[in-house]
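# A closer look at the structure
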Amino acid sequence: MQIQPSDLGLIARAVGLTKRYGTAANPVTALDDVSLGLRRGEFTAIMGPSGSGKSTLMHLLAGLDQATAGEVWLGDTDITRLSDSALTVLRRRRIGFVFQSFNLVPTLDIAGNIRLPFELDGRKPSGIERAWIDELVDTLGLRERLGHRPHELSGGQQQRVAIARALATKPDLVFADEPTGNLDSRTGREVLALLASAASLHGQSIAMVTHDPIAASHADRILYLSDGRIVRDAPRSAPEEISAYMLAMEAAA
Ligand SMILES: Nc1ncnc2c1ncn2[C@@H]1O[C@H](COP(=O)(O)OP(=O)(O)OP(=O)(O)O)[C@@H](O)[C@H]1O
């Protein structure tokens, strides 16, 4: 019997993932034969110097970009073989995104933006889902802002709306690109605690790209990338240790 990734408790898996840009004469290998598994309920930080391939890895795992070679599995589905429309549905139902360019809809108010994933899926939130959205809105301090439009909010507040929207449907997998980048340290800590509890309490898998050793210290696992390869797969670590490793990587580059 063939072992399926879901049997191993893996929510996502990359096998021999490679991404090249540029021309044959002048190729850039952004990701070089990367294999990894993301476990159910695990909060993973992805770190590495600028240009090491972090965003490329996240985009490929989320099916937002096509690999040059290799496979990406979400549960039992090889998403590199899905049609665009099947991929869109799978992404909508199972993946949440918190990207730096928030992607909030300017014509919708904050409440509408947070509910958008349900609208796009053609359904209304259930009672339990509404209670969860209320909890997110309160934790993220957005209660007073629900009737406002995105342009009326600060960068940090827009970031928090993007986080509420990404977690609202409790997707299996959440990708976050520098989710605390625009936040003051107190709100940043609250957002990290929220991501950690989404993983530990709700069994969601969180993959977060960050340059911040303090943010990464909240994760269960830290993957370090250098030149498109995973050079270290570490368990939860203290900020000082993460920072020392990052400095050593940058010095060696
Ligand atoms: N569209 C593209 N065309 C050509 N090269 C690209 C493209 N996107 C990324 N690259 C290259 O691929 C490599 C990895 O880029 P990537 O954005 O994944 O790095 P990163 O680790 O996320 O960097 P940063 O921390 O600066 O955001 C870099 O050398 C980058 O210049």
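Residues numbered from 1 in each chain as written. Predicted model: local features only at pLDDT ≥ 70, side-chain atom pairs only at ≥ 80, totals over all residues.

The name given to the protein in an unreviewed UniProt entry is ABC transporter ATP-binding protein, with the source organism recorded as Agromyces archimandritae.

### Some thoughts on the overall build of the protein
Scanning the protein from terminus to terminus reveals eight helices and 10 strands. Its C-alpha atoms give the protein a radius of gyration of 18 Å, within 12% of the compact-globule value 18 Å for 253 residues. Residue burial in the protein is summarised as follows: out of 253 residues, 39% are buried. (Helix = DSSP H or I, 4+ residues; strand = E, 2+ residues; numbered from the N terminus. Rg over C-alpha atoms; globule rule 2.2 N^0.38 Å. Buried ≥ 20, exposed ≤ 12 C-beta atoms within 10 Å, placed from the backbone.)

### Some remarks on the pairing of strand β2 (residues 27-39)
Note that strand β1 (residues 10-22) and β2 share nine bridges and pair antiparallel. Within β2, the residue paired with Arg-20 across the bridge is Thr-29. The hairpin formed by β1 and β2 contains four residues between the paired strands. (Pairing = 2+ DSSP bridges.)

### Digging into the sheet that holds strand β8 (residues 205-209)
Strand pairing in a sheet relies on backbone hydrogen bonds. The paired strands run either parallel or antiparallel. The strand order β6-β7-β8-β3-β9-β10 describes an open sheet built from six strands, whose pairing is mixed. Strand pairing shows two members of the sheet lacking a second neighbour, β6 (95-98) and β10 (229-235), which therefore form its edges. Within the sheet, the average angular offset between the axes of one strand and its neighbour, ignoring direction, is 20°. Where strand β9 (residues 221-226) and β10 come together, six bridges link them in antiparallel fashion. (Axes fitted to C-alpha atoms, helices over the stretch in contact; angles between N-to-C directions.)

### Considerations on the packing of helix α4 (residues 127-139) against helix α5 (residues 155-168)
Following both chains from N to C, one finds α4 and α5 inclined at 160°, their axes separated by 10 Å at the closest point. Here α4 is positioned roughly antiparallel relative to α5, judged by the angle of their axes. Handedness of the crossing formed by α4 with α5: right-handed. In this structure, α4 uses Ile-133, Leu-136 and Val-137 to contact α5, whose residues at the interface are Ala-164, Leu-167 and Ala-168. Class assignment of the residues belonging to the contact of α4 with α5 gives a composition of six nonpolar, no polar and no charged. (Parallel < 35°, antiparallel > 145°, perpendicular 65-115°, else oblique. Left-handed = near helix turned anticlockwise from the far one by under 90°. Contact = placed C-beta atoms within 7 Å. Nonpolar A, V, L, I, M, F, W, Y, C, P; charged D, E, K, R; others polar.)

### As for unusual backbone geometry
In terms of backbone geometry, most residues other than glycine have negative phi values and most peptide bonds are trans. Of note, Asp-33 is a non-glycine position whose phi angle comes to about 60°, a positive value. Secondary-structure assignment places Asp-33 in strand β2. One non-glycine residue, Glu-178, lies in positive phi territory at about 45°. Structurally, Glu-178 is set in the loop between β7 (173-177) and α6 (185-200).

### Concerning the sheet that holds strand β4 (residues 69-74)
A sheet is described by the order of its strands in space; here four strands give the open sequence β2-β1-β4-β5, paired in antiparallel fashion. For this open sheet the edge positions go to β2 and β5 (77-78), each flanked by a neighbour on one side alone.

### Concerning helix α3 (residues 110-120)
Every buried residue of α3 is accounted for by Ile-110, Asn-113, Ile-114, Arg-115 and Pro-117. Gly-122 sits one or two residues past α3 and shows a positive phi near 70°.

### Some details on the site of the ligand
Around the ligand sit Tyr-21, Gly-22, Val-28, Ala-30, Gly-48, Ser-50, Gly-51, Ser-52, Gly-53, Lys-54, Ser-55 and Thr-56, and those are all the residues in its vicinity. Among the elements of the structure, β1, β2 and α1 (54-61) are those that each provide at least two residues to the shell around the ligand. The element contributing the most residues to the shell around the ligand is α1, with three residues. Among the residues making up the shell around the ligand, the classes are represented as three nonpolar, eight polar and one charged. (Near = placed C-beta within 6 Å.)

### Overview of the packing of α3 against α5
Close contact between α3 and α5 brings their axes to 7 Å; oriented N to C, the two are set at 30°. Here α3 and α5 pass one another in a crossing that is right-handed. Contacts between α3 and α5 pair Ile-110, Asn-113, Ile-114, Leu-116 and Pro-117 from the former with Val-161, Ala-164, Arg-165 and Ala-168 from the latter. Tallied by class, residues from the contact of α3 with α5 come to seven nonpolar, one polar and one charged.

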